[in-house]
Amino acid sequence: MYRFTEDCYIGIPEIDQEHLKLFQLINEAVESMKQPSTDKSALAKHLLNGLKEYTLTHFSHEEAYMEKINDPELPKQKKEHIEFITKINSYSLENSTNENAEQTMQELCAFLIRWLYHHILSSDMMIGKIPGNPNKQTKIEEALTFSSKYYTHIAFIDEEHKKLFDIIREAYQLVEEQFLHDKYDKIIEILNQLKEYTEFHFKNEETYMKKINYSGFDVQHQAHTVFVNRLVEVTYTDLNKIDENQEEYLHELLDFLLTWLTNHILKLDKQIPSE
């Protein structure tokens, strides 16, 4: 059973409900394929068509919402949606045997959950977070303050979270530096520092969770993987974009880092019990 975890809620009710429905449809598909059936190939085709149809409907609603609020992330979302549709359309059940159909649906559902979880945490959570806002600077400064609301009351975790906030604050200060024209080298330096320290922190956090046999380990590990992959993507695939439009890119990156980190701490990390 695939779980729609707390960190998947982005705070937009209609989108959250459709995400939840997608998880339910995928779980229903998995369970249906486990049941005895004389024609699993036909069942798989029915389930696949249902998933495709609902996913396309969801993407349409999501893009319409983003267009309505003039969200600058819309082109990025559309690109990811198109890539997903291309991938899911590559799955074919034509002339498949019952055995092949079952295997294909298992692979498809596993892919759907991986993609959906990554997409929600690295893209959908930014919907409505980046538009021009006269109070945006104040909100960023507030978010950069490692206050008591972020305390997990696990000493080393709180100290490492504070360090992550410090690194992101350094990135923010770089954005505001008016007299540094070419920030490229410094940006790469901060990104590498952030990636290295994040991996160090996640390793420590996961070691602790294993030590206390924490039931939420798998959810945490999945969320950590999404974040590290996003940093790797930034570092290795977005370098040209960074160099061409440093100011805009830094603002977008900072928005993502702050949103993901605060969301993760408040919704997941604060649930980790102390020894």
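See the structure shown above.
Residues numbered from 1 in each chain as written. Predicted model: local features only at pLDDT ≥ 70, side-chain atom pairs only at ≥ 80, totals over all residues. Heavy atoms only, no water.

## Quick word on the overall build of the protein chain
Worth spelling out the cut-off: Note on conventions: DSSP H or I runs of at least 4 residues are helices, E runs of at least 2 residues are strands, and numbering of each starts at the N terminus. Relative accessible area decides the class of each residue, using a 1.4 Å probe on protein chains only: under 20% of the type maximum gives buried, over 50% gives exposed, and in between gives partly exposed. Whether two residues are in contact is decided by their heavy atoms: any pair within 4.5 Å suffices. All accessible-area figures derive from a Shrake-Rupley calculation using a 1.4 Å probe, and residue coverage is judged against the displayed protein chains alone.
Each helix and strand counted, the protein chain has 10 helices and zero strands in total. Secondary structure elements of the protein chain, listed N to C terminal, follow the sequence α-α-α-α-α-α-α-α-α-α. Looking at the protein chain as a whole, 48% of its 275 residues are labelled buried. Within the protein chain, residue pairs in contact and separated by at least 24 positions form 77% of the contacts whose partners lie at least 6 positions apart. Counting only carbon and sulfur atoms, one obtains 50% of the accessible surface of the protein chain, whose full area is about 14,500 Å².

## Some details on the side chain of Ser-41
Within the fold, Ser-41 resides in helix 2 (residues 40-68). Residues contacting Ser-41, with those up to four places away along its chain left out, are Leu-93, Ser-96, Thr-97, Asn-98 and Ala-101.

## Side note on helix 2
Formally: Each helix should span, by expectation, one fewer than its residue count multiplied by 1.5 Å.
Under the 1.5 Å per step criterion, the end-to-end length of helix 2 is 42 Å for 29 residues, consistent within 8% with the ideal 42 Å. With its phi angle positive at about 55°, Asn-70 sits one or two positions after the end of helix 2.

## Structural notes on the pattern of salt bridges
Note the cut-off: Put simply, a salt bridge is a Lys or Arg side-chain nitrogen that is within 4 Å of an Asp or Glu carboxyl oxygen.
Inspection of the entire model under this criterion finds six salt bridges. With a closest N to O distance of 2.8 Å, Lys-76 and Glu-80 form a salt bridge. A residue pair is termed a helical-turn pair when its members lie 3 or 4 positions apart in one helix, as Lys-76 and Glu-80 do in helix 3 (residues 74-89) at four residues. For Lys-76, a relative accessible area of 25% puts it in the partly exposed group. A relative accessible area of 17% means that Glu-80 is categorised as buried.

## Quick word on the packing of aromatic side chains
To keep it simple, the criterion reads: For Phe, Tyr and Trp, where Trp contributes only its six-membered ring, two rings pair if their centres lie within 6.5 Å, and the inter-plane angle classes them as stacked under 30 degrees, edge-to-face over 60, or tilted in between. Each ring is checked for a lysine NZ or an arginine CZ that lies within 6 Å of its centre and within 35 degrees of its normal; such an atom marks a charge sitting over the ring.
Within the structure shown, the criterion is met by 16 aromatic pairs. Put simply, the rings of Phe-59, Phe-84, Phe-111 and Trp-115 pair up and form one aromatic cluster. Geometry around Phe-111 places Lys-87 over its ring, the cationic atom sitting 5.5 Å from the centre.

## As for the nonpolar core
A general feature of soluble globular proteins is that nonpolar side chains tend to end up buried together. Counted only if it meets this: As used here, the term nonpolar core means buried Ala, Val, Leu, Ile, Met, Phe, Trp, Tyr and Cys residues forming a set that is joined through side-chain atoms within 4.5 Å.
Residues Met-105, Leu-108, Tyr-117, Leu-257 and Trp-260 are the most contacted members of the largest nonpolar core, which totals 72 residues. If you list the elements that add at least two residues to this core, you get helix 1 (13-34), helix 2, helix 3, helix 4 (98-122), helix 6 (155-176), helix 7 (184-211), helix 8 (217-237) and helix 10 (246-267). Per-element tally for this core: the top contributor is helix 4, with 12 residues. Beyond its immediate chain neighbours, meaning those up to four positions away, Tyr-117 contacts Thr-5, Asp-7, Cys-8, Phe-23, Val-219, Gln-222, Ala-223 and Val-226. Membership of the second largest hydrophobic core comes to seven residues, among which are Ile-154, Met-209, Tyr-214 and Phe-217.

## Side note on the side chain of Gln-220
Within the secondary structure, Gln-220 is located in helix 8. Residues contacting Gln-220, with those up to four places away along its chain left out, are Glu-205, Met-209, Tyr-214, His-264, Leu-268, Asp-269 and Ile-272.

## Overview of the packing of helix 1 against helix 2
Worth spelling out the cut-off: To get an axis, fit a line to the C-alpha atoms, keeping to the stretch in contact for a helix; angles then go from 0 to 180 degrees between the N-to-C directions. By the definition adopted for this analysis, an angle is roughly parallel if under 35 degrees, roughly antiparallel if over 145, roughly perpendicular if from 65 to 115, and oblique otherwise. All amino acids are sorted into three groups, where Ala, Val, Leu, Ile, Met, Phe, Trp, Tyr, Cys and Pro are nonpolar, Asp, Glu, Lys and Arg are charged, and the leftover types, Gly among them, are polar.
Here helix 1 crosses helix 2 at 170°, and the two axes come no closer than 10 Å. Considering their axes alone, helix 1 and helix 2 lie roughly antiparallel with respect to each other. Residue-level contacts link Glu-14, Ile-15, Glu-18, His-19, Lys-21, Leu-22, Leu-25, Ile-26, Ala-29, Ser-32, Met-33 and Lys-34 of helix 1 to Lys-40, Leu-43, Ala-44, Leu-47, Leu-51, Tyr-54, Thr-55, His-58, His-61, Glu-62 and Tyr-65 of helix 2. The residue makeup of the contact of helix 1 with helix 2, split by class, is 12 nonpolar, five polar and six charged.

## A look at the packing of helix 1 against helix 4
Convention followed: Throughout, a crossing is termed right-handed when the near helix is turned clockwise from the far one, and left-handed when it is turned anticlockwise from it by less than a right angle.
Two elements in contact, helix 1 and helix 4, have axes separated by 10 Å at closest approach and are oriented at 160°. Overall, the two elements helix 1 and helix 4 adopt an arrangement that is roughly antiparallel. Helix-helix and strand crossings are classified by hand; for helix 1 and helix 4 the assignment is left-handed. Between helix 1, through His-19, Leu-22, Phe-23, Ile-26, Ala-29, Val-30 and Met-33, and helix 4, the contact on the second element is made entirely by Ala-101, Glu-102, Met-105, Cys-109, Leu-112, Ile-113, Leu-116, Tyr-117 and Ile-120.

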